[in-house]
Structures are given as C-alpha cells and as structure tokens.
Amino acid sequence: MTESGTFMDPLQASQELSQMLSPQTVIRHHEPLAKRTTLRVGGPADLYIEPASETELAAVLRYCAPHQIAVFVLGRGSNLLVRDGGFRGLVVCLAQPAFARVETAGERLHCGAGARLKAVAIEAKRSGIGGLEFLEGIPGSVGGGLRMNAGAMGGAIFDKVVSLRLMDFSGRVEERAPASLAVAYRSCSTLKTEIALAAVLRGKSEPRELIEQRLNEFNRRRWDSQPSASSAGCIFKNPPSIPAGKLIDELGLKGTRVGGAMVSTEHGNFLVNDGTATARDVLDLIELIRTRAQTERSIGLETEVEIIGE
Ligand code: EPU
C-alpha cells in the first residue's frame, strides 16, 4: 500500500480514470469491500479498479501518485480485515483474465497474481507436478499468497518460487529472483511497496495418484480442524513458544463473543462472523484475546491478517 492519501473526489477521479482507460477496465466509486473479503466486514473503498492489462494498471498507478491517492492491492480478501469506515483511496484487484493465467512448462508453473491458489494446485496435479498440494486449501490468490508468504501443512509459497514479475508504484515492471525480496514467516514486506504481477513456481514430477493422495489427506486434515464459517483464516501469527490456536484454547476463549464475532469452537485461531459482525466487533475480540495472552501467559500475539481502512 502507498503512503496515506489526501482528499480526492472519488466520482471525479473515477471519471478522469475512465477517460484514460479502456472500457474493459472496471472502475467503481464507493465500492463495498465487505463482500470482497472472506470475513465479510468493513466499509467501502473510495475507488475500486480491476485493470484489464499491465499497461492499464501502470496508468492507474501513474494517475494516483501525483494525486497522492493511497493504493491498496486486494487479492481474494481472505486474510484481510477492513475497518468499518472503509478505505480512503483506491483498491486495485487483479481479477481480470490478463492476470489469472496458470500455465505449465516442465516442472514449473507460470501463475498470474490474480489466479487462485487452488487453481494452481489443480493445474499442478493435472500436469503431474508434485509438492504444491498445500496450496489447495489456502483460500487466496497467488498475489495475496506471495504478499503473506501464505502457507499450510508445513509448506509456504516462497519455498516454491523461482522468479517473480513485479511492478512498482510508478508503473515500472521488473523480473526478480525471490532471494532479492524480504521474505519471512507469513510476510513478504517487499510486496508492500511493489505489486506482484506473476510468479513462476517449481514443483517436481510425480505420479498423479501420489499427488491426489496428498491433496485428499491435506483436505481431510483441514476439514477436521478448521471451521467452514466466514473467517479470515488464522487471525494471529504463531508465536515461537506455542501455536496461537492452542494458546487461545488453553486460555478457555473458544466460543467467546463480541457482537457477531466469535472465537471458533473448532480452532482457537479463527474468529468467525455469524453474519452480523462489524469490523469493530472483530477488532475488539482481537484486543480481548491479546490482553488475556499478555496478562496470563506473557505472550504478545501479533495479527496475521492485514488490517486496513478507518
Ligand atoms: N490446537 C489446539 N486447539 C485449537 C487449535 C489448535 O490445541 O483450538 C493445537 C493443535 O492440536 C495442534 C497445534 O495446536 O497441535 C497446531 O494447530 P494446527 O495444526 O491447526 O496448526 P496451526 O499452527 O494452528 C497453521 C497455520 C494455518 C494452516 C495450518 C495447517 C499459522 C498461523 N497457521 O495453523 O494457516 O492452515 O497450520 O497447516 O501459521 C492461515 O495462515 O490463515 C492458516 C489458517
């Protein structure tokens, strides 16, 4: 996300942008974001854009910079908490086909940032490329997965990245090696200041039955331990001493509610929305958990979800 924005008239900005861009680029103002996140809370974005191509994305960014419009890149909203006041600035979503390809070349998969991680796992299985099964259960896009260094079942996406295509906020595109990015557990901070357009992932050639077996096993483990209700996945990063879910469980907080937000009874690190939650409810529940973890166990919990808006 770029630095904080200043005043702009969303209607005027959307009109100016639509004059610059092709009709294929989706441009909206006051776009509700709750429906674009898996947690389903939060207010609208001043501006919302789905660019039709890299060139149009670059044009949008070049418009925003001199107008000091803050830009946030939205994936599938599966690890995102939007505050109730919404986002003052422009939300870009790489949902159009130009950004969503998944193509195989040998043991490599060329993936657009807008492609679903699940689609990558399915294509890998179809092509007999093993080692990417853990992506199947992560409800995000390739771009969001890279930004968060998303992981599951002992694997994380950056373990598999061979190269990336990035755009900076001035619209300049560069191919990069993963070693040149700042990557950590559940984070890639380089992708706060640059936008992932695509990545090449590498697996290894394996019999399809073996890949299928692992997919089924991961799927079963996930359904056995994680809730299916609206959530943002794990809300906290695991601290070094204990998994956050286990800690929250031991604190007796499963089932604790604030308004329409509740600590899942299935997994302590998931906060679920019963359909009536506001972002305030979720944030208050996060604070309640953090306070209990700090006072009773001296453990500082850090949120894994990205929190935006006002
Ligand atoms: N546990 C409890 N009570 C709970 C939840 C968990 O005792 O309510 C125990 C489990 O029995 C297990 C340990 O805590 O012994 C760890 O739990 P789990 O295997 O479910 O893994 P996790 O560390 O909670 C991580 C990732 C998940 C990923 C799973 C499966 C983080 C923060 N979470 O969860 O990722 O799906 O492993 O591989 O790293 C996410 O990032 O959003 C996410 C859901």
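Quick look at the structure, then. (Residues numbered from 1 in each chain as written. Predicted model: local features only at pLDDT ≥ 70, side-chain atom pairs only at ≥ 80, totals over all residues. Heavy atoms only, no water.)

### Remarks on the overall build of the protein chain
Per the secondary structure count, the protein chain includes 8 helices and 20 strands. Relative to a compact globule of 310 residues, whose C-alpha radius of gyration would be 19 Å, the protein chain shows 20 Å and is just as compact. Each of the three principal axes of the protein chain carries a C-alpha extent, and together these read 55 × 50 × 30 Å. With 310 residues in all, the protein chain has 51% of them scored as buried. Considering only residue pairs separated by 6 or more positions, the protein chain has 66% of its internal contacts joining residues 24 or more positions apart. Of the accessible surface of the protein chain, which amounts to about 13,700 Å², a share of 50% is contributed by carbon and sulfur atoms. Considering the protein chain, the positive charge centre built from 36 side chains and the negative charge centre built from 36 side chains are found 4 Å apart. (Helix = DSSP H or I, 4+ residues; strand = E, 2+ residues; numbered from the N terminus. Rg over C-alpha atoms; globule rule 2.2 N^0.38 Å. Buried < 20%, exposed > 50% of the residue type's maximum accessible area, 1.4 Å probe, protein only. Contact = heavy atoms within 4.5 Å. Areas by Shrake-Rupley, 256 points an atom, 1.4 Å probe, with all protein chains shown as cover. Lys, Arg positive; Asp, Glu negative; His and termini not counted. Charge placed at Lys NZ, Arg CZ, Asp CG, Glu CD.)

### Considerations on the environment of Glu136
As for its placement among the helices and strands, Glu136 is situated in the loop between β8 (129-130) and α4 (142-148). With residues near it in sequence (within four places) discarded, Glu136 still touches Lys118, Ala121, Leu215, Asn219 and Arg222. Side-chain polar atoms of Glu136 contact the side chain of Arg222, separated by 3.0 Å. (Polar contact = N/O pair within 3.5 Å; in protein donor to acceptor, adjacent residues only side chain to side chain.)

### Looking at the site of the ligand
Close contacts around the ligand come from 20 residues, with Met153, Tyr185, Cys234, Asn238 and Asp249 the closest. Contacts to the ligand include Lys254, whose side-chain N or O atom sits 2.9 Å from an oxygen atom. Here His267 contributes a side-chain N or O atom positioned 2.9 Å from an oxygen atom of the ligand. Alone, the ligand offers 820 Å² of accessible surface; in the complex the protein occludes 71% of this. If you list the elements that add at least two residues to the shell around the ligand, you get β9 (151-152) and α7 (244-250). For the shell around the ligand, the element with the highest residue contribution is α7, accounting for 3 residues. Here the residues of the shell around the ligand are counted per class, giving 7 nonpolar, 8 polar and 5 charged. When residues of the shell around the ligand are assigned to domains, at least three map to each of domain 2 (100-209) and domain 3 (228-308). (Near = heavy atom within 4 Å. Nonpolar A, V, L, I, M, F, W, Y, C, P; charged D, E, K, R; others polar. Domains from an automatic or database assignment.)

### What to know about the packing of aromatic side chains
A full pass over the atoms with the stated rule returns 1 aromatic pair. Aromatic pair Phe72 and Phe87: ring centres 6.2 Å apart, planes at 55°, arrangement tilted. Here Phe87 lies in strand β5 (residues 87-93) and Phe72 lies in strand β3 (residues 71-74), a separation of 15 residues in the sequence. Of the two residues examined, Phe72 and Phe87, each falls in the buried class. (Phe/Tyr/Trp six-rings, centres within 6.5 Å; stacked < 30°, edge-to-face > 60°.)

### As for the sheet that holds strand β17 (residues 257-258)
Strands pair in a sheet through their backbones, by hydrogen bonds, and they do so in one of two ways: parallel or antiparallel. One open sheet accounts for 3 strands, arranged β17-β18-β19; its pairing is antiparallel. In this open sheet, the two edge strands, each paired with only one partner strand, are β17 and β19 (271-273). Bridge analysis of β17 against strand β18 (residues 261-263) gives 2 bridges, and the strand direction is antiparallel. Directly across from Val258, in β18, lies its bridge partner Ala261. Against the sheet, helix α8 (residues 279-297) contacts β17, β18 and β19, and its axis sits at roughly 30° relative to β18. (Pairing = 2+ DSSP bridges. Axes fitted to C-alpha atoms, helices over the stretch in contact; angles between N-to-C directions.)

### So, the nonpolar core
Judged by nonpolar contacts, the single largest core of 28 residues is most densely connected at Leu135, Leu146 and Leu201. Residue contributions to this core peak at 4 residues, all from helix α3 (residues 117-126). (Core = buried A, V, L, I, M, F, W, Y, C linked by side-chain atoms within 4.5 Å.)

### Let's talk about the side chain of Asn79
Its location among the elements puts Asn79 in the loop between β3 and β4 (80-82). Relative accessible area serves as the criterion here: at 14%, Asn79 is assigned to the buried category. Within the local environment of Asn79, its side chain forms a polar contact with the backbone oxygen of Glu304, the two atoms lying 3.3 Å apart.

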